[in-house]
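Here is what each chain is made of, one letter per residue.
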Amino acid sequence: MFSKYTVFVKNVPIGGHNPVVIQSMTNTNTLDTEKTIKQIINLSNAGAEIVRVSVRTLDDIPSFKKICEISSIPIVADIHFDYKVAIESIKAGASKIRINPGNIGSLWKVKEVVKVAKDYNIPIRVGANSGSIKKEFEILNMPRFKALAESALEEVKVMEELEFNNIIISIKSTDAKENFLANKYISEKVPYPLHIGITEAGIYEDALILSSAGLGALLLNNIGDTIRISIAGDPIKEVLAAKKLLTLLGFKKGPRIIACPTCARTEINVEYLANKVKEWTKNIDEDINVAVMGCVVNGPGEAKHADIGIAGTKTGGAIFINGEIAETVLFEKLEETFKKYIKNLISERKKI
Ligand code: SF4
């Protein structure tokens, strides 16, 4: 979000002062074109702005080509080892490739790949993760985060020596603190956009918490230009989680719903109502803070920073705007009245 360089993945700018780009990766078999395209459409509908697809061998290329042709969002080819696969992926329509120059082998092979990337004007993602720290840095006994960042810098140097600056750097660790320190370190050394994520973050809840802590810390330090939240399982969940994290941290427009933790004063089922409010506001594309509070005695005051809120009463709820109660209604009227107030609030804002 605050890297000096902006890199374009087809029509999607990454870096500079552009919004953080959400990405994910398909987990279908690339040879199954139809299934992979279907998953890309679902990821895009969920909010993914670019999607990565593994291109394992040259056999995947015809299907990958079709995927690139049909997809409305840019496709990134994920390559390991074979430079020929990297080259053919670019020719097949990849909008970016992810390679680890260290895995591709001899420099002449890397040169070949870079030459084609230059011809097609597409960026390359380079970097390192906790499993690919270079031995030379490990034996220097430096802190692991530094060894990780220096390993990625080596890859960057290879690209720079080939006069190729169209790069995005990725440094990932499974350890949130190491991940934070390594990304911070590299963000101070090079101007290129950063792809951030916690690698192998785990199953759903663990991945959410670990990624929110690790990536949240980076984003709040203005580090990170594109994000992938890695979750074992359905990649749609990755996109929804990334969207939620960016919205809750204020990097993406959308409703932010806060709710009180409830106590003995609670007059309404706060969890139920907050879920309802989430549903009622899901199509709003505006920065709006909505509070759902359990009681009218403390609720409006405690949440006066919210743009709009509902505080529970014995028979329904009180709608409050900036801490002041606007109207108290029965439960049956709550949805209709809340929607009326939020609509007014948004149209008032648009007039300004
Ligand atoms: Fe308790 Fe009311 Fe505060 Fe909710 S808003 S925690 S119900 S005092």
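Please read these numbers as outputs of a predicted model, since none were measured by experiment.

K.L.:
Please clarify how unusual backbone geometry should be interpreted in this entry.
P.N.:
A negative phi holds for most residues other than glycine; trans holds for most peptide bonds. Phi angles above zero are rare outside glycine, and Lys 10 is one such case at about 55 degrees. One can find Lys 10 in the loop between β1 (6-9) and β2 (12-15).

K.L.:
Please clarify how the site of the ligand should be interpreted in this entry.
P.N.:
Taken together, Cys 260, Pro 261, Thr 262, Cys 263, Arg 265, Thr 266, Met 293, Gly 294, Cys 295, Asn 298, Gly 299 and Glu 302 form the complete shell of residues around the ligand. When grouped by side-chain class, the residues that make up the shell around the ligand number 5 nonpolar, 5 polar and 2 charged.

K.L.:
Any chance you could explain the sheet that holds strand β10 (residues 226-227) here in plain terms?
P.N.:
The strands that make up a sheet are held in pairs by hydrogen bonds between backbone atoms, and each pair lies either parallel or antiparallel. Spatially, β3-β4-β5-β6-β7-β8-β9-β10 is the arrangement adopted by the 8 strands of the closed barrel, whose pairing is parallel. In this sheet, β10 lies alongside strand β3 (residues 21-25) in parallel orientation, the contact comprising 2 bridges. If you follow Val 21 over to β10, its bridge partner there is Thr 226.

K.L.:
What exactly am I supposed to notice about the UniProt feature "binding site: [4Fe-4S] cluster" (unreviewed entry) in the protein here?
P.N.:
Here the UniProt feature "binding site: [4Fe-4S] cluster" (unreviewed entry) sits at Cys 260, Cys 263, Cys 295 and Glu 302. Separation in sequence by 43 residues is not matched in space for these annotated residues, since their most distant C-alpha atoms are only 13.5 Å apart. Structurally, Cys 295 can be placed in the loop between β12 (288-293) and α12 (299-302). Cys 295 gets classed as buried once you count the C-beta atoms within 10 Å, which come to 22. Not counting residues up to four positions away in its chain, the partners in contact with Cys 295 are Arg 265, Thr 266, Glu 267, Ala 311 and Gly 312. The topology assignment puts Glu 302 in helix α12. Accessibility expressed as a C-beta count within 10 Å gives 18 for Glu 302, which makes it partly exposed. Glu 302 has contacts with Cys 260 and Met 293, leaving out every residue within four places of it along the chain.

Calculation rules
Residues numbered from 1 in each chain as written. Predicted model: local features only at pLDDT ≥ 70, side-chain atom pairs only at ≥ 80, totals over all residues. Helix = DSSP H or I, 4+ residues; strand = E, 2+ residues; numbered from the N terminus. Near = placed C-beta within 6 Å. Nonpolar A, V, L, I, M, F, W, Y, C, P; charged D, E, K, R; others polar. Pairing = 2+ DSSP bridges. UniProt positions renumbered as here; feature names shortened; annotations may be inferred. Buried ≥ 20, exposed ≤ 12 C-beta atoms within 10 Å, placed from the backbone. Contact = placed C-beta atoms within 7 Å.

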